[in-house]
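# Residue-level structural notes
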Amino acid sequence: MCGIIGIVGSKPVAGRLIDGLKRLEYRGYDSAGIAVIEETDGLSSLVRRRAKGKIVNLEERVKLEPVDGVLGIAHTRWATHGAVTETNAHPHFAGRVGIVHNGIIENFTELREALKETRTFNTQTDTEVVAHMIDEAMRAGMSGQEAFSHTLKQLRGAFAIGVVIDGVEGQMFTARKGPPLAIGIGDGENYIGSDAIALSTLSKKIIYLEEGDWAVLTADGVQVYDADDNPIEREITHITGSMAAAEKGNYRHFMLKEIYEQPETTAHTLTHYIDAFNHKVKTEDELGLKGLDFNRVERVSLIACGTAAYAAYVAKYWFEQLASLPCDVDVASEFRYRKPALSGNTLAIAVSQSGETADTLAALRYCKQNGLQTGVLVNVLSSTMAREADYAMPINAGPEIGVASTKAFTSQLTALLSLAITAGAQRGFIDAEAEKSLVESLTHIPRHINETLKLDGAIEELAQKLSTAKSAFYLGRGVHYPLALEGALKLKEISYIHAEGYAAGELKHGPIALIEEGTPVIVIAPSDELFEKTISNLQEVATRGANVILITDAKGAKYAKDMAPHIITCPDVSDITAPIIYAITIQLLAYHTAVHLGTDVDQPRNLAKSVTVE
Ligand code: M6R
C-alpha cells in the first residue's frame, strides 16, 4: 500500500526522503514522488518531482532536476482512484498546499462537487480534493493549522495524511484515521512515516498516532491533538529491534532471506509460547493473556485475509482435534457484511502479520462492538490491531519485507498450534504425557525446517520445469488442504502462473476436467493416516496425464515411487507439525519458479504488503 515519509528540520531533506521511500518499497507501489518547500532569494515555493514506476525513476528525475529544502514530504502510491500516471502520483498540490495520502476518502465525489465552481482539479484522485479544501479554508482566512483541522472534520473514510503549506514555514501537518502513521522524534528535526521502518535510520523514538489523532510538527517539537482538537500526550515508543532485519544481506531477494530465517523465527515464536525446559505449553496467564480462560470459551472464531487466513484454516483442525473447541474460520472481507450470528462465549482471534489489514481490522472492531472477547495473533506489536484487541498474541517473526508472506506464515502456524495445545491442556483433553510429547514435537520445528531447507537445490530444478506451465494444481487432505491453498497462492502471486488449491477428494467433482497431458499437480501428502486416500487422488490425476510433484516423507516416497515422476522427500516429522515443515517446500517451489521467470519477486505486480483499504 502507499507509503508516506516527511521531514521537518534545518538540513536538506530530499536525499533522505528518497532513502525513506526505498525503505517503504516493500509495501508495494506503482509511482513515487517528493515535494519540498524551496527558498530562493528569500522567496519560498512548493516544488515537486514525480515518476511512474520504481523509485530509481524518481531518483533519476531528481538528479536531472534537483529540488531541495528543509521541509518536505514524499510518497509511494499504490493506485486506488485514478490510473497509474505521473499526474495521479503524489504529492498533490492545490494553491499553496502539498499533500501525501494513504487510504481512501470515501466522500471525495461530493466534496469535489462542492468545490467544482471555484476550483480546477488536475487529477482523478480522491487526495487532490483534500489539498483544495485546505487551501480554500486558508483563503477564507483560516491559519494553516485551523484549515487543516477544519478539513479533517469533513473527511469520511480511512486515511493517513501529510501536509506542507507554502507560507506556513517550518510546520508539517499530519493525521491518521485508519492506516497507521508514525511520528519520529529527532534532534532539531521531526519526521512522519507510514511505519517505523520508514524512519528507522532517522529516529528510534516513535509516537504512533491513535485513531482520529492529528498533529503539528516543527523542527523543535510535536503537538498531537485528539479527534476533538484537544492537545494530548501520546506515549513515545523506543524502537529497540534491529533494523538489520530490513536489509537483504547476501540474499538475492527478501523473500529468500525470509524463507531461510524460518528456523530462527519459529524458534522465537516458540520461546514465547512454550516452556521447553518443563515440556509444557504456557498457560493463558503465563502468556500475559490475563482474563482469558479456554475453559470458558465455547467457540473460537478466526478471522484473517490471504496467507493469514490459510494459517487460520490449518489451526481450525488443531483447535477442534486437540481442544475439542469448535472453530470457525472467516475471510475478513466477508465476515462483518454477512452479519454473523455471534455467541457470547466466542473468542474472536484476528490473524494478521501486519496488524493493519483494513478488512481484518474492521472485523476485529465488529467483534469488539458486539461484545466478544478479542485477540490478535500479530507480527507487528505496535500495530493498530495489537493496540485494539483485548489480547495481543505475538508471533515474533521480525519485519517481513517480501510481499509474499513466508516466515510470518510458519510463525502464525507455530503460535496457533501452541495455543491449541494450551487450550487442549486447559480443557482437559490433553494430559501431561500428551502435552510433553506435543511440546517435544514443537521444539523440533526449527531443526526440521533447517533440514527441509537442504532440499532447496532439488526444488530449484523442479521449479525450472514448473515455470513453463500455464496453470497448476495443488492438492492436500486434512491440515494439508489449506497448505495446498497457500501453495497455489504463493505460486500465483509471485510467478503469475495460474494455480488452484483443492481438497484432494474434491477434484473429481469438477476441476479434474482441466487435467490434461503435462498439467502440473503438486500433491502434499506425508505418510499419515490420510496418505493412502490422497495417493488414490494422485493416481486419478496421474492416469489423466498430470505431471505430478509429490511432497512427502521417506516412507511415502518409497510407497509412491512408481506413481509420481517427481518426489520431494521431506524429513520425517510428527503429523502435527508437518504443515509447518512442508510449508518450506511450497515456498521454495514458488520462489524459484518466479526467479526463473524473472518476475519482481519481492514486489510482485499489483500487490501490496499491507492492504490498508477495504
Ligand atoms: O498483514 P496480514 O497478515 O493481515 O495480510 C494478509 C494478506 O494480505 C497477506 O497474507 C497476503 O495474502 C500475502 N501477500 C500473501 O503472501
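Predicted, not measured: the structure shown is a model, and the values here were computed from it. Counting of residues starts from 1 at the beginning of each chain's written sequence and follows it residue by residue. Totals for whole chains, interfaces and linings use all residues, but because this is a predicted model, local features are given only for residues with pLDDT of at least 70 and pairs of side-chain atoms are given and counted only at 80 or more. The basis for every side-chain value is the complete set of heavy atoms in the structure, and neither hydrogens nor water enter the calculation.

### Quick word on the overall build of the chain
Looking only at helices and strands, the chain features 19 helices and 27 strands. What the globule rule says is 2.2 Å times the number of residues to the power 0.38, and the radius of gyration is computed from C-alpha atoms. A compact globule built from 614 residues would reach a C-alpha radius of gyration of about 25 Å, and the chain, at 26 Å, matches this within 12%. By its C-alpha atoms, the chain is 80 × 55 × 45 Å across when sized along the principal axes. Across the 614 residues of the chain, 60% fall into the buried class. For the area figures, the Shrake-Rupley method with a 1.4 Å probe applies, and any residue is considered shielded solely by the protein chains shown. When the accessible surface of the chain is split by element, carbon and sulfur atoms take 49% of a total near 23,600 Å². If the 58 positive side-chain charges of the chain are averaged to one point and the 78 negative ones to another, these points end up 2 Å apart. Where helices and strands are cited, they refer to DSSP runs of H or I of at least four residues and of E of at least two residues respectively, numbered from the N terminus. Accessibility here uses a 1.4 Å probe with only protein chains present; expressed as a share of the type maximum, an area under 20% marks a residue as buried, one over 50% as exposed, and anything in between as partly exposed. For this count, His and the chain ends are skipped, Lys and Arg are scored as positive, and Asp and Glu as negative. Note that the charge is assigned to NZ on lysines, CZ on arginines, CG on aspartates and CD on glutamates.

### Remarks on the site of the ligand
We call a residue near a molecule or strand whenever a single non-hydrogen atom of that residue lies within 4 Å of it. Inspection of the region around the ligand gives 13 residues, with Ser352, Gln353, Ser354, Thr357 and Glu493 positioned closest. Two N or O atoms form a polar contact when they lie within 3.5 Å of each other; inside protein one atom must be a possible hydrogen donor and the other a possible acceptor, and for residues adjacent in sequence the pair counts only when both atoms belong to side chains. Contact between the ligand and Ser352: an oxygen atom at 2.6 Å from a side-chain N or O atom of the residue. Between an oxygen atom of the ligand and a main-chain N or O atom of Ser405, the distance comes to 2.8 Å. Across the complex, the protein chains shield 90% of the 410 Å² of accessible surface that the ligand would expose by itself.

### Topic: the sheet that holds strand β12 (residues 214–217)
Hydrogen bonds between backbone groups are what pair the strands of a sheet, and the pairing can be parallel or antiparallel. Read across the open sheet, the 7 strands follow the order β5-β6-β7-β8-β12-β13-β14; overall the sheet is antiparallel. The open sheet terminates on both sides in strands that have one partner only, identified here as β5 (92–94) and β14 (231–232). Bridge analysis of strand β7 (residues 157–165) against strand β8 (residues 172–177) gives 6 bridges, and the strand direction is antiparallel. By the bridge assignment for β8, Ala160 is matched with Arg176. Across the sheet, helix α5 (residues 144–152) touches β7, β8, β12 and β13 (222–225), and the angle it forms with β8 is around 15°. By definition, two strands form a pair when at least two bridges between them are found by DSSP. Note on definitions: a residue-residue contact is assigned when non-hydrogen atoms from the two residues lie within 4.5 Å. Between N-to-C directions, angles span 0 to 180 degrees; the directions come from axes that are lines fitted to C-alpha atoms, helices contributing only their stretch in contact.

### Quick look at the packing of helix α4 (residues 127–139) against α5
Helix packing for two helices is described by the angle between their axes and how far apart those axes are. Remark: α4 packs on α5, axes separated minimally by 8 Å, with the N-to-C direction vectors making an angle of 130°. It follows from the interaxial angle that α4 and α5 lie oblique. Where α4 crosses over α5, the two elements pack in a sense that is right-handed. Of α5, the residues touching α4 (which contributes Val130, Met133, Ile134, Ala137 and Met138) are Gly144, Ala147, Phe148, His150 and Thr151. Amino acids are sorted into nonpolar (Ala, Val, Leu, Ile, Met, Phe, Trp, Tyr, Cys and Pro), charged (Asp, Glu, Lys and Arg) and polar (every other residue, Gly among them). Looking at the contact of α4 with α5, its residues break down into 7 nonpolar, 3 polar and no charged. Our angle categories are set so that under 35 degrees counts as roughly parallel, over 145 as roughly antiparallel, 65 to 115 as roughly perpendicular, and the remainder as oblique. Crossings are classed by handedness, with left-handed meaning an anticlockwise turn of the near helix from the far one by less than a right angle and right-handed meaning a clockwise turn.

### Here we look at the nonpolar core
Throughout this description, the term nonpolar core refers to a set of buried Ala, Val, Leu, Ile, Met, Phe, Trp, Tyr and Cys residues connected via side-chain atoms within 4.5 Å. Ranked by size, the top nonpolar core spans 95 residues in total, and within it Leu302, Trp318, Phe319, Leu322, Leu377, Tyr474 and Tyr582 carry the most contacts. The element best represented in this core is helix α19 (residues 578–597), accounting for 13 residues. Annotation comment: domain bounds sourced from an automatic or database domain assignment. Here this core gathers at least three residues from each of two domains, domain 2 (258–443) and domain 3 (450–597). When sequence neighbours within four positions are dropped, the list of residues in contact with Leu302 reads Ala312, Ala315, Lys316, Phe319, Cys327, Asp328, Val329, Asp330, Ile349 and Leu416.

### Section: the packing of aromatic side chains
Stacked, tilted and edge-to-face are the three classes applied to pairs of Phe, Tyr and Trp rings, where Trp contributes its six-membered ring and a pair requires centres within 6.5 Å; stacked means planes under 30 degrees apart, edge-to-face means over 60, and tilted covers the rest. Tallied over the full model, the rule gives 8 aromatic pairs. Measuring from centroid to centroid gives 6.4 Å for Tyr310 and Tyr313, while their planes differ by 25°, and the two rings are stacked. Separated by 3 residues within a single helix, Tyr310 and Tyr313 lie in helix α8 (residues 306–323), roughly one turn from each other. Tyr313 gets classed as partly exposed once you look at its relative accessible area, which sits at 28%. Through pairs of rings, three or more aromatic residues link up here, namely Phe148, Phe173, Trp214 and Tyr225.

### Regarding the pattern of salt bridges
The term salt bridge refers to a side-chain nitrogen of Lys or Arg lying within 4 Å of a carboxyl oxygen of Asp or Glu. Tallied over the full model, the rule gives 28 salt bridges. One salt bridge connects Glu65 with Arg61, and the closest N-O pair in it is separated by 3.1 Å. By relative accessible area, which is 34% here, Glu65 ends up partly exposed. Accessibility expressed as a relative area gives 26% for Arg61, which makes it partly exposed. One salt bridge in this structure joins Arg119 and Asp135, with 3.0 Å as the shortest N-O distance. Of this pair, Arg119 sits in the loop between α3 (108–115) and α4 while Asp135 sits in helix α4, placing them 16 residues apart in sequence. For the residue pair Arg119 and Asp135, the accessibility class agrees, reading buried in each case.

### Remarks on the sheet that holds strand β26 (residues 547–552)
Strand order in the open sheet formed by 5 strands is β24-β23-β25-β26-β27, and the pairing between neighbours is parallel. Two strands bound the open sheet, and with one partner strand each, they are β24 (498–503) and β27 (566–569). Strand-to-strand twist across the sheet, computed as the mean angle between neighbouring axes with direction ignored, equals 20°. Against the sheet, helix α15 (residues 456–466) makes contact with β23 (471–476), β25 (520–524), β26 and β27, and its axis sits at roughly 145° relative to β27, the strand it touches most. Along the sheet, helix α16 (residues 480–495) contacts β23, β24 and β25; its crossing angle with β24, the most-contacted strand, is approximately 175°.

### Describing the pairing of strand β10 (residues 190–193)
Alternating positions in β10 separate into two faces, Asn190 and Ile192 on one and Tyr191 and Gly193 on the other, with burial throughout. Both strand β1 (residues 3–8) and β10 contribute to a ladder of 4 bridges, which runs antiparallel. Looking at β10, one finds that Ile7 is bridged to Tyr191. Inspection of the sheet shows strand β9 (residues 182–185) paired to β10 by 4 bridges, in the antiparallel sense. Within the sheet, the bridge partner assigned to Ile185 lies in β10 and is Asn190. Remark: 4 residues form the turn of the hairpin made by β9 and β10, two consecutive strands paired antiparallel; Gly188 in that turn has positive phi of roughly 75°.

### Points about the domain arrangement of the chain
By the assigned domains, the chain splits into domain 1 (3–250), domain 2 (258–443) and domain 3 (450–597). Measuring from the centre of the C-alpha atoms in domain 1 to the corresponding centre in domain 3 gives 45 Å.

### Digging into helix α7 (residues 262–273)
Expected span, for any helix, means 1.5 Å times one less than how many residues it has. Given a rise of 1.5 Å per residue, 12 residues ought to cover 16 Å, and the 16 Å separating the end C-alpha atoms of α7 matches this to within 8%. Among the residues of α7, Gln262, Pro263, Thr265, Thr266, Thr269, Leu270 and Tyr273 are the ones counted as buried.

### Looking at helix α1 (residues 14–23)
Listed as buried for α1 are Ala14, Leu17, Ile18, Gly20, Leu21 and Arg23. Buried residues in α1 make contact with β1, β2 (31–40), α2 (55–64) and β4 (71–77).

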